[in-house]
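# Inside the fold
Chain residues, written in single-letter form:
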Amino acid sequence: MSNYAQETVPTRFIEANGIRFAYRRFGKPGTIPLLFLEYFNSNMDGWDPEVTDSLAADHEVVLFDNAGVGASEGKTPNIVAEMTEPCVAFCRALGLKQLHVVGFSLGGMIAQQLALEHPELVERLILLGTGPRGGEDMTFSELSPEEQADPVAFLLAAFFSPSEASQAAGREYMKRLESRKNDPDLPVSRDSAVAQVAAIREWGTIPATGRYATLKSITHPTLIVHGNKDIVVTPINAFILARHLPNAQLIMYPDASHAAYSQYAENFLENARLFLSG
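First, a word on scope: everything that follows refers to the structure included in this document. (Residues numbered from 1 in each chain as written. Predicted model: local features only at pLDDT ≥ 70, side-chain atom pairs only at ≥ 80, totals over all residues. Heavy atoms only, no water.)

### Regarding the pattern of salt bridges
Under the defined criterion, the tally for this structure stands at 10 salt bridges. Of the charged contacts in the structure, one is a salt bridge between Arg25 and Glu60, with a shortest N-O distance of 2.4 Å. Taken as a pair, Arg25 in strand S2 (residues 19-27) and Glu60 in strand S4 (residues 60-64) lie far apart in primary sequence, 35 residues in all. The class of Arg25 is partly exposed, set by a relative accessible area of 23%. When the shortest N-O distance is used, the salt bridge between Glu202 and Arg133 registers 3.3 Å. Within this pair, whereas Glu202 is found in helix H7 (residues 190-204), its partner Arg133 is found in the loop between strand S6 (122-128) and helix H4 (145-149), the two being separated by 69 residues in sequence. Note on Glu202: relative accessible area 30%, which makes it partly exposed. By relative accessible area, which is 24% here, Arg133 ends up partly exposed. (Salt bridge = Lys/Arg side-chain N within 4 Å of Asp/Glu carboxyl O. Helix = DSSP H or I, 4+ residues; strand = E, 2+ residues; numbered from the N terminus. Buried < 20%, exposed > 50% of the residue type's maximum accessible area, 1.4 Å probe, protein only.)

### So, the side chain of Ser161
With respect to the helices, strands and loops of the structure, Ser161 is situated in the loop between helix H5 (151-159) and helix H6 (164-177). The contacts of Ser161, once residues within four sequence positions are left out, are Ser166, Gln167, Lys229, Asp255 and Ser257. (Contact = heavy atoms within 4.5 Å.)

### Overview of the environment of Ile32
Structurally, Ile32 can be placed in the loop between S2 and strand S3 (34-37). On the basis of relative accessibility, which here comes to 27%, the residue Ile32 falls in the partly exposed class. Sequence-wise, Ile32 and Ser105 are 73 residues apart; in three dimensions their C-alpha atoms are separated by 23 Å. Excluding anything up to four places from it in sequence, Ile32 contacts His59, Glu60, Gln98, Leu99, His100 and Glu123.

### Some words on the sheet that holds S4
Here we have 8 strands laid out as an open sheet, ordered S1-S2-S4-S3-S5-S6-S7-S8, and mixed in their pairing. Taken across any chain shown, the strands that pair with only one partner, and hence form the sheet edges, are strand S1 (12-16) and strand S8 (248-253). For this sheet the average axis-to-axis angle between neighbouring strands, irrespective of direction, equals 25°. Pairing of strand S7 (residues 222-227) with S8 involves 6 bridges; the strand directions are parallel. (Pairing = 2+ DSSP bridges. Axes fitted to C-alpha atoms, helices over the stretch in contact; angles between N-to-C directions.)

### Some details on the nonpolar core
Counting residues in each nonpolar core, the largest one holds 50 residues, and the members touching the most others are Leu35, Leu37, Phe64, Phe90, Val101 and Leu125. No other element matches helix H2 (residues 80-94), which puts 8 residues into this core. Excluding its chain neighbours within four sequence positions, the residues that come into contact with Phe90 are Ile14, Ala16, Phe21, Tyr23, Leu35, Val62 and Phe64. Formed by 40 residues, the second largest nonpolar core is a distinct cluster that contains Leu55, Val102, Phe159 and Ala256. (Core = buried A, V, L, I, M, F, W, Y, C linked by side-chain atoms within 4.5 Å.)

### Things to note about helix H3 (residues 106-117)
Between its first and last C-alpha atoms H3 spans 17 Å; for 12 residues at 1.5 Å apiece the expected length is 16 Å, and the two agree. Taken across its 12 residues, H3 has 10 buried, putting it largely inside the fold. When H3 is considered as a whole, its buried residues turn out to be Leu106, Gly107, Gly108, Met109, Ile110, Ala111, Gln112, Gln113, Leu114 and Ala115. Looking at the buried side of H3, the elements it contacts are S3, H2, strand S5 (99-104), S6, H7 and helix H8 (236-244). (Expected span 1.5 Å × (residues − 1).)

Written as structure tokens, this is what we have:
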């Protein structure tokens, strides 16, 4: 397992609750695994290998497609709370009893719900470019035909700020995403993407009472990472998380949008290692 990297690790499959899940597992055996939860409309190939491969030097890394996503079977739920159920089933099938969870955007929403519903499973949380339930300005729309037609341009515009430095970092990020040459993941289906949008919208709906009340129950050590120019999940949401989560620390990167963790990968990895070492 330790001889593989994200670019070379084979895709494996495991069945749980009648769903055949696709996953990739590599890194340092015998450690608390890092479970990576994907962002909207992404699969296992969407993770930055500079980050996953670096973290794999000290931790076991588990990437997987949740129900209905990519190469996994099943149907994608249209509510975030229901996305945790197949995630837990997958973890139990693999025999994972303790996890550090890394959630990016939609994945960060699932990570919060997972920590809330199954606190015994989660050791530490790393929340990337995400927001709380009922957060500020979290009413997302489906991708336009233009955005769907040119996913590279869309990612560069959404994940990185317009500055020359940020766009250059974005282009390097896109190159790294192409580094896996064999055994690519399957694309996210239209039905799955539609369900994910519905789930994000439901998550972003402001409740009538107790808007951030559940956050105080997530007592796990949490590292929040955000870009100060994030146009997908506005930065105020990171501050809300940091304010209401009892055991959280926040890193806000300058001149960075949604993929701040990737734009500042070297800095992020240093902070993540310190955080995960306790």
